[in-house]
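Understanding the architecture of this molecule
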Amino acid sequence: MSLQQAMLWQKLHDKNLTSGDMPINKALDTPWYVQLMVGLVAWWSAFFFLGLIASALHFILDNNAFAILFGIMLIAIAYRLFLQNQVSTFRYQFALALSLAGQGLFIFGLFDFAFSHGHRGDNQLITVLWVLFVFESMLAWIMPSMIHRFGSALAAGLTLSFTLAYAQLYFMHAAILFTVIATIWLNEFNWVKHRERLIPIGYGLTIALIYQEVMASFYHTFIHIMKNWLKMEQSWLPYWVAELLIGGIMLWVVWQLLQRNNVSTRSQTGILALFASTVVIVLSTQAPGLAVGLSLIILGYANGARMLLSLGIVSLLFYISSYYYSLDMSLLEKAQILAVFGSILLLISWVMSKKFQPKQENTHAA
Amino acid sequence: MDFQRKLILHWACQGAIKQSDTQEALNISGALPQAHQWPLFLATLLLWLGALAVTISILFFFAFNWNDMSRFTKFGLLEAGVFGCAALYWFIGSEHFLSKLALTIGSILVGVLLAFYGQTYQTGADPWQLFAYWGLLIIPWALLARFATLWFLIIVLINTALQLYFEAYGQLLGLGDRPDEDVFWIALLFNGTCWLAWEAASTKFTWLNERWAPRLLAIATAAPLTAMFIMVIIESIGFPVLTVILYLAMITLGFTVYQKRIPDLFMLAGFCLSVISTIASVVIAEVLEHVDEIIGFLGMTIFLISMAAFAANWLKKMHQEQSS
């Protein structure tokens, strides 16, 4: 037990927030780079395992029903291994490799089953994609492994993107994802007992959402690829509608955070916060990704989640960079939009610093 | 704050803090921002975002009108930018973060100015010269700013210059018989030197004490060295003795220094990945070709998982030791 831990425990104990003895210190949250190293090697071994299956059990690959069933069986074994022993890293790694191999077999069997007769229709593809989305969502929820939940949630988010695109609802999935993400992060502390499940899912979906918003920056290029390469039909929903939906969720996030800090929406602070959010939302219809990036930063700061805060900052920088390459507008139009947008934000910043600075100075003087 | 947050959430998961009390516990510990901190945070965030947007709008505007401007206007704009950043540094004062940022932006503009100069007057200079002179010209500013990011920028520029020189002339300092390997040697020697120098200097200059820089330099050194080591084993090419000695020295020293002297779990994880990669490559190259395909695949699967599990267990133990 370190001195810092003991002091923190005592501080909380004095406020009657703790019960029982302080839990024994064990290695908290293995750092992400260790998880990444382990994940990379797990992938490598999964490829060899698939190679083993291809060599030894090639009849499984010849029959798509066998491939699907065998894939599910491998995932079930992996699940049991994850549950059985969370301390042994050997079993953890083996389970991860098994699950990855099982998912590969399942996806192979599914696509082979759907398109085995040489016919590829959009309805078939949409059905397969929905099945994949449900499959990965279930894995993200069920599998008791942080890396697995993160990967499955990311896969589910990306699959949803393609599914809705083929269903002519381009960009709608961003609003859906953002709703789920905001719900998770706003309730991180209310659902703390479930955070081992929810936080990796939250991060996986966040990465998928950032990717989606980057695609929105290249709207016309994306539509061109969809229509000419992937033979998709025209979307009946323009992307700015999706941005407005995201904006609505952003307002909800801001409102929730005001409530958390006991700030009334009718107070000056509350009105200013909601007004600034509205300005951002309007600007986001012209600069996709702005509302999402800012919301991630605000959520990250509110929850003290530095990784989320960093993701928000990185996503904003990424959107600005991709904005330069976007062919939707000329450089002059983009310059005008950014100048107006920047000026408005600077003005709001100035108003906020003027309004709140004197009170802080008076408080400090007292 | 991050430490307290993780600890409290861990205690809440263990049931030592009630779920309904978690947020209050986090507030008391200072892990979450208080109500009075929000206005300052938002004002700062909007200030940075607004300034970035206005700056980029100016860049976009000039990019749009670039072709219509005379060359003297273009030179004037760039030089004004460089001068403006230097002036900003002088006005704000050397210790403020903004002044260091201003010098960094000015350093980037120096490169833009050099590139535009070469493009306008068609001096016949090679691309590597641009990056080399750029790096050399901004050294005085890096000495003045005492800013880790600026020094890292110089390292990136010199790296680029070396690679471009080698691409143009096919040799450097006697290397060059095997271009495929020698480009690794250049990256390895330069970045390795920078890595050692940075770690040594950071013990004396606290402003260099940012772990991200030596970590990136370690990746830039270890990656080519690992690749060369694997090539020596698989194809028996290159300078086998020197490569093996350097690789073993890096691994031995790396594990010793970053375990005891400068505890850094990121470095240890990287070295573990390097060792796993090299051993796996040896096994694939020397063993698999002599055994049945099925046994080979099964063996590799088990081998890789075992190596990863061993490394992960050891790293978790190191993490616990370093956290306590």
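Residues numbered from 1 in each chain as written. Chains lettered and ligands numbered in written order. Predicted model: local features only at pLDDT ≥ 70, side-chain atom pairs only at ≥ 80, totals over all residues. Heavy atoms only, no water.

1. Topic: the overall build of chain A
The number of helices and strands found in chain A is 15 helices and zero strands. For chain A, the exposed surface amounts to about 17,400 Å²; the carbon and sulfur share of it is 67%. (Helix = DSSP H or I, 4+ residues; strand = E, 2+ residues; numbered from the N terminus. Areas by Shrake-Rupley, 256 points an atom, 1.4 Å probe, with all protein chains shown as cover.)

2. With respect to the nonpolar core
Counting residues in hydrophobic clusters, the biggest one holds 73 residues, and the most contacted among them are Met37(A), Leu74(A), Trp195(B), Met250(B), Phe271(B) and Leu315(B). Considering each element in turn, this core owes the most residues, 10 residues, to helix α2 (residues 32-56) of chain A. Mapping this core onto the domain boundaries places at least three of its residues in each of domain 1 (70-169) and domain 2 (182-324) of chain B. Leave out the neighbours within four places in its chain, and Met250(B) touches Trp195(B), Ala222(B), Leu225(B) and Phe271(B). (Core = buried A, V, L, I, M, F, W, Y, C linked by side-chain atoms within 4.5 Å. Buried < 20%, exposed > 50% of the residue type's maximum accessible area, 1.4 Å probe, protein only. Domains from an automatic or database assignment. Contact = heavy atoms within 4.5 Å.)

3. Here we look at the confidence of the model for chain B
Here chain B averages 86 in pLDDT, and 95% of its residues register 70 or above. Quick note on the complex model: pTM equals 0.74, ipTM equals 0.76. (pLDDT = per-residue confidence, 0-100.)

4. Some thoughts on the interface of chain B and chain A
The interface is formed by 81 residues belonging to chain B together with 84 residues belonging to chain A. For the pairing of chain B and chain A, the buried interface totals around 7,600 Å² over both sides, and the portion due to carbon and sulfur atoms is 77%. If you sort the residues of chain B by the area they bury against chain A, Trp11(B), Gln19(B) and Phe60(B) come out on top, with a joint share of 9%. Put simply, chain B and chain A have one salt bridge between them. (Buried area = accessible area lost by both parts, 1.4 Å probe. Salt bridge = Lys/Arg side-chain N within 4 Å of Asp/Glu carboxyl O.)

5. Here's the deal with the packing of aromatic side chains
All chains considered together, the criterion is met by 24 aromatic pairs over all chains. For the ring pair Trp9(A) and Trp11(B), a centre distance of 5.0 Å and an interplane angle of 80° mean the geometry is edge-to-face. A residue pair is termed interchain when its members come from two chains, as with Trp9(A) in helix α1 (residues 3-14) and Trp11(B) in helix α1 (residues 2-14). A relative accessible area of 9% places Trp9(A) in the buried class. Relative to Trp38(B), the ring of Tyr301(A) has its centre 4.9 Å away and its plane inclined at 90°; by these criteria the two rings are edge-to-face. Residue Tyr301(A) is found in helix α13 (residues 290-303), and its partner Trp38(B) is found in helix α3 (residues 38-65); the two belong to separate chains. (Phe/Tyr/Trp six-rings, centres within 6.5 Å; stacked < 30°, edge-to-face > 60°.)

6. What to know about the side chain of Thr22(B)
Residues and elements named next belong to chain B. Inspection of the secondary structure assignment puts Thr22 in helix α2 (residues 22-29). When its relative accessible area of 0% is taken as the criterion, Thr22 is described as buried. Among the polar contacts listed, one links the side chain of Thr22 to the backbone oxygen of Lys18, at a separation of 3.2 Å. (Polar contact = N/O pair within 3.5 Å; in protein donor to acceptor, adjacent residues only side chain to side chain.)

7. Observations concerning the environment of Leu100(A)
All names here are of chain A. Relative to the assigned elements, Leu100 resides in helix α5 (residues 89-115). When the C-alpha positions of Leu100 and Ile75 are compared, they lie 7.9 Å apart, and in sequence the two are 25 residues distant. Once residues within four sequence positions are removed from consideration, Leu100 is found in contact with Ala42, Trp43 and Ala46.

8. Thoughts on helix α7 (residues 146-166) of chain A
Taking 1.5 Å as the rise per residue, α7(A) with 21 residues should run 30 Å; its terminal C-alpha atoms sit 30 Å apart, in good agreement. Looking one or two residues past α7(A), Gln168(A) carries a phi angle of roughly 65°, positive in sign. (Expected span 1.5 Å × (residues − 1).)

9. Quick notes on the pattern of salt bridges
Residue and element names in this part refer to chain B. The full count for this structure, using the stated rule, is six salt bridges over all chains. Residue Glu95 is joined to Arg146 by a salt bridge in which the shortest nitrogen-to-oxygen separation is 2.6 Å. Highlighted residues: Glu95 in the loop between α4 (71-92) and α5 (97-121) and Arg146 in the loop between α7 (139-145) and α8 (148-169), separated in sequence by 51 residues. Between Asp264 and Arg211 there is a salt bridge; the shortest N-O distance is 2.9 Å. Here Asp264 is found in the loop between α11 (240-261) and α12 (265-286), whereas its partner Arg211 is found in the loop between α9 (179-202) and α10 (212-235), with 53 residues between them in sequence. Take Asp264: its relative accessible area is 2%, and that puts it in the buried class. Among the ionic contacts, a cluster of salt bridges with common partners joins Glu199, Arg211, Arg215 and Asp264.

10. Comments concerning the domain arrangement of chain B
Residues and elements named next belong to chain B. With domains assigned, chain B is organised as domain 1 (70-169) and domain 2 (182-324). Counting residues at the interface gives 12 residues for domain 1 and 15 residues for domain 2. Counting each side, the surface lost to burial between domain 1 and domain 2 is near 1,200 Å², with a carbon and sulfur contribution of 80%. Inspection of the region where domain 1 meets domain 2 yields zero salt bridges. Linking domain 1 to domain 2 there are one residue pair in polar contact (both at pLDDT 80 or more). Partitioned by chemical class, the residues of the side of domain 1 that touches domain 2 number eight nonpolar, three polar and one charged. (Nonpolar A, V, L, I, M, F, W, Y, C, P; charged D, E, K, R; others polar.)

11. As for the packing of α13(A) against α3(B)
The interhelical angle for the contact between α13(A) and α3(B), taken along N-to-C directions, is 150°, at an axis separation of 12 Å. Taken together, the axes of α13(A) and α3(B) lie roughly antiparallel to each other. Considering how the two elements wind past one another, α13(A) and α3(B) form a crossing that is right-handed. Side by side, α13(A) and α3(B) meet where Leu290(A), Leu294(A), Ile297(A), Ile298(A), Tyr301(A) and Ala302(A) of the first sit next to Trp38(B), Phe41(B), Leu42(B), Leu45(B) and Leu49(B) of the second. Here the contact of α13(A) with α3(B) is composed, by residue class, of 11 nonpolar, no polar and no charged. (Axes fitted to C-alpha atoms, helices over the stretch in contact; angles between N-to-C directions. Parallel < 35°, antiparallel > 145°, perpendicular 65-115°, else oblique. Left-handed = near helix turned anticlockwise from the far one by under 90°.)

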